[in-house]
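# An overview of the molecular structure
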Amino acid sequence: MAFGRSERRRKPPAEPVTLKILVAGGFGVGKTTLVGAVSEIKPLRTEELLTEAGRPVDSLDGVETKTTTTVAMDFGRISLRDDLVLYLFGTPGQDRFWFLWDELARGALGAVVLADTRRLGNCFAAVDYFEQRGIPFTVAVNCFEGAQRYAPDTVRDALDLDPGVPVVLCDARERESAKQVLISVVQHALETGIAHPQPAAT
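Owing to the predicted nature of the structure, the values given are computational and were not obtained by experimental measurement. Numbering of residues begins from 1 in every chain and follows the order in which that chain's sequence is written. Where local features are concerned, this predicted model is filtered to residues with pLDDT of at least 70; where side-chain atom pairs are given and counted, the filter is 80 or more; whole-chain, interface and lining totals use all residues. Processing note: side-chain calculations cover all non-hydrogen atoms of the structure and skip hydrogens and water entirely.

### Examining the packing of aromatic side chains
Note on ring pairs: Phe, Tyr and Trp rings are taken, using the six-membered ring of Trp, and paired if centres are within 6.5 Å. Classes follow the plane angle, with under 30 degrees stacked, over 60 edge-to-face and the rest tilted. Counted according to the given criterion, the structure contains six aromatic pairs. When the centroid spacing of 5.8 Å and the interplanar angle of 45 degrees are considered together, the rings of Phe75 and Tyr87 count as tilted. Taken together, the residues Phe75 in strand E4 (residues 74-81) and Tyr87 in strand E5 (residues 84-90) connect sequence positions twelve residues apart. Judged by centre distance (6.2 Å) and plane angle (20 degrees), the ring pair of Trp101 and Phe130 falls under stacked. In this pair, Trp101 is assigned in helix H2 (residues 101-105) and Phe130 in helix H3 (residues 124-133), connecting sequence segments 29 residues apart. Here the two residues Trp101 and Phe130 agree in accessibility, since each one is buried. One aromatic cluster is present, built from ring pairs that chain together Trp101, Tyr129, Phe130 and Phe137. Charges are assigned to positions over rings by a cutoff of 6 Å between ring centre and Lys NZ or Arg CZ, combined with an angular limit of 35 degrees from the ring normal. Above the ring of Phe89, the side-chain terminus of Lys20 is found at 4.8 Å from the ring centroid. When the ring centre of Phe144 is taken as origin, the NZ or CZ atom of Arg118, which lies over that ring, is 4.6 Å away. Only DSSP runs of H or I with at least four residues qualify as helices, and only runs of E with at least two residues qualify as strands; both kinds are numbered from the N terminus onward. The buried label goes to any residue with under 20% of its type's maximum accessible area, the exposed label to any with over 50%, and the partly exposed label to all in between, with areas taken from a 1.4 Å probe on protein chains only.

This is the structure:
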């Protein structure tokens, strides 16, 4: 008919689902790098120069060339599909900023725990944090140049992780590698939610 009245009206596109993902781990493990590599917007960063005053509390063992540190959070965004957008929140790595974690973790679907096999003990605190709060997480081993490579199962045993926790190898500098880490987190979080649904509110 004239003016296309017989055509079905097209539905407006649905708003994409937005999910919150944390990127955590020890000091200097690559959290800011991962968020920056994968974000489709210019990431928000809250980095400050390391100073002599911070030496007694910020150990630079293994990251002697590091000159800046995140003091609040990193923020980025990535669209995995047209209908699925992830908001990324990178946490500060030093103990003195952990009071920010509870606020950042509020409403998070899941988390990435970045690990450096040269300083594996630095990610124990992040693993414990998410385990205690029941937040699904993936351990992503950032494969630094010159660092010895270990199989995911070896890392899993060293961190004493539950069998269901994904352990993947990545290069936090590479967008596609970082993207696969985030996909792993989303898949694991969804599978965990299906296997262990939350009780209905009464």
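### Points about unusual backbone geometry
If you check the backbone angles, Asp160 has positive phi at about 55 degrees while not being a glycine. With respect to the helices and strands, Asp160 occurs in the loop between helix H4 (152-159) and strand E8 (167-170).

### Describing the state of the cysteines
For this text, the term disulfide refers to a pair of cysteine sulfurs within 2.5 Å. Tallied over the entire structure, the rule returns zero disulfides. Note on Cys143: no disulfide assigned, nearest cysteine sulfur contributed by Cys170 at a separation of 6.5 Å. On the basis of relative accessibility, which here comes to 15%, the residue Cys143 falls in the buried class.

### Some details on a negative patch on the surface
Each patch groups residues whose relative accessible area exceeds 30% and which form no salt bridge, using 9 Å between like charges and 5 Å between nonpolar side chains of Val, Leu, Ile, Met, Phe, Trp and Tyr. Using a 1.4 Å probe, accessible areas were evaluated by the Shrake-Rupley method; residue-level cover was limited to the displayed protein chains. Note on definitions: salt bridges are taken to be side-chain nitrogens of Lys or Arg within 4 Å of carboxyl oxygens of Asp or Glu. Note on charges: Lys and Arg go in the positive column, Asp and Glu in the negative column, and His and the chain ends are not counted at all. Positions of charges follow a simple convention, taking NZ of Lys, CZ of Arg, CG of Asp or CD of Glu. Taken together, Asp128, Glu131, Asp157, Asp160 and Asp162 make up a surface patch of like negative charges. Tracing the backbone through its elements, the reader meets Asp128 in helix H3.

### Points about the side chain of His188
Mapped onto the fold, His188 is located in helix H5 (residues 175-195). By definition, residues are in contact when any of their heavy atoms lie within 4.5 Å. For His188, the contacting residues outside a window of four places in its chain are Pro136, Phe137, Thr138, Gly164, Val165 and Pro166.

### Looking at the side chain of Asp171
Structurally, Asp171 can be placed in the loop between E8 and H5. Residues contacting Asp171, with those up to four places away along its chain left out, are Asn142, Ser177 and Ala178.

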